[in-house]
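Descriptive structure summary
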Amino acid sequence: MMCDDARLLLHAYLDNELDAAQSVAIVRHMQGCPSCAASYADYAQLREGMAHASLYRRAPDALRKSWSAEKPAVIAPPAARPRRAPFALAMAAGLAAAVIIGTPLWFTTHRAGDTSQWANEAISSHIRSMQPQHLMDVVSTDQHTVKPWFDGKLDFSPRVKDLAGEGFPLVGGRLDALGGRSVAALIFKRHLHVINLYQWPVSSGEVAESTTQWHGYNAIQWTTDRMHFVAVSDVSESELHQFVLAFQNDSVTPLMR
Amino acid sequence: MPATISNNASFEAIVVPYLDAAYNLARWLSRDDADAQDIAQEAMLRAFRYFGSFRGGDARVWLLAIVRNTFYSLRAKAADAMHETFDDDTHALIDEQPSPEARALMSVDIQSLQVALESLPHPLREVIVLRELEECSYKEIASITGQKIGTVMSRLARARERLKAELSSSSTEARRHDVR
């Protein structure tokens, strides 16, 4: 065997990819060729270096969390906000394409239960919003800051109120997308928990509350005054219900319209 | 929705365990934490969506191929300026005979190894990451990257030679630094 052949084959030998005959040939060559043997020792040392655990990048918790439990099918991307152009733009394009591809599948499999469809999507969106940098577009505890922020970003005016007095302080707002349409998301806190309240206009008038549960998340949705609301959180169902009542209760804080 | 539920359950059992592998590859290809997270997330969504077309076999290889495609397709959209063509001929094996001196100068510390890895061109970086960090066989790498086994082998050799040269020169510089 010549050094030229050995230079390629010693890698395959190091990687345990050679058959017995080739292995014997390369070992023989190295026995008689100090320079190839030295090379081999270097690459073996390199391999040991690369085995160092810190070079292996494990998935961050946020990513792991969003895939650790069985999840409802995630289709709608978060509203594309160019976080880091141009890569973010490419991401947006990629996601948009993915939505187009994904949508028919979604509708064929989930058309059956319209209500649970919204709940599933809202829960997916809630989980996504928990990822770093995804939660809030506007950070404010002041409803008079949050509400105007939505102006011009949506084709409707969302209802915004602070429920700090009831133990659910408003902390911010976000544009989001559910089922292919833009929706307003208000973010409230309950102790250390986050509640996302999604809303968008619908044609139907009043629909009574319904509750969906999924792996520790609760979603309550209702329609009032041609506006559909979905509240999602990991707080208990009774606490989420309390939140919904507080939001629906006009007498507590004058509702901004 | 029973079909969907069982689909979810098996996706969780078959694909999700390779989330770390997906992120690791995405991170080494993109060299950026936030981009890697976006790529891995997008790749997982694609995998979830196309899980119906997964016909058994090695789910890790299947997922890693999706991660790689996701990275390249997003990157191609990101900027033409970032395009990097790889010509196997211009990256021919470095023609130097390893001398005992050169060997003594190679220092494998994690910091410089990481820098050296990140400075490799993508086609070389992906094979070495798949081989050394994911411990894929040549056959698996060939299947993930859609290349011939011979190409995988020669690119691996090139990747290692480049790393070795990089590590040797950086340790030479360090020595020069010490002298001054």
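Figured I'd write up the structure that's included with this text. Everything numeric here is computed off the predicted structure, so don't read it as measured data.

Residue and element names in this part refer to chain A. With respect to topology, 7 strands assemble into an open sheet ordered β1-β2-β3-β4-β7-β6-β5, the strand pairing being antiparallel. Bordering the open sheet on either side are β1 (138-139) and β5 (207-214), each of which pairs with just one other strand. Where strand β2 (residues 170-178) and strand β3 (residues 181-190) come together, 8 bridges link them in antiparallel fashion. By the bridge assignment for β3, Asp 176 is matched with Val 183.

It is worth spelling out helix α6 (residues 110-118) of chain B at this point. All names here are of chain B. What α6 keeps buried is the set Leu 113, Ala 116 and Leu 117. Along α6, the residues classed as buried sweep out an arc of 100 degrees about the axis, all on the same side. Across α6 from its buried face, at more than 90 degrees, point the exposed residues Gln 111, Val 115 and Glu 118.

Residue and element names in this part refer to chain B. Within the fold, Ile 149 resides in helix α9 (residues 149-179). Of the residues examined, Ile 149 has 15 C-beta atoms within 10 Å and is grouped as partly exposed. For the pair Ile 149 and Lys 139, spaced 10 residues apart in sequence, the C-alpha to C-alpha distance is 6.3 Å. Apart from residues no more than four positions distant in its own chain, Ile 149 is found in contact with Tyr 138, Lys 139 and Ala 142.

Attention now moves to the environment of Arg131(B). Relative to the elements of secondary structure, Arg131(B) occurs in helix α7 (residues 122-133). Residue Arg131(B) is classed as buried on the basis of its 25 C-beta neighbours within 10 Å. Residues within four places of Arg131(B) in sequence aside, it is in contact with Asp15(A), Cys136(B), Ile141(B) and Leu156(B).

What counts and what doesn't
Residues numbered from 1 in each chain as written. Chains lettered and ligands numbered in written order. Predicted model: local features only at pLDDT ≥ 70, side-chain atom pairs only at ≥ 80, totals over all residues. Pairing = 2+ DSSP bridges. Helix = DSSP H or I, 4+ residues; strand = E, 2+ residues; numbered from the N terminus. Buried ≥ 20, exposed ≤ 12 C-beta atoms within 10 Å, placed from the backbone. Arc of directions from axis to C-beta. Contact = placed C-beta atoms within 7 Å.

Interpretation note: all reported values are geometric properties and have no functional meaning in isolation.
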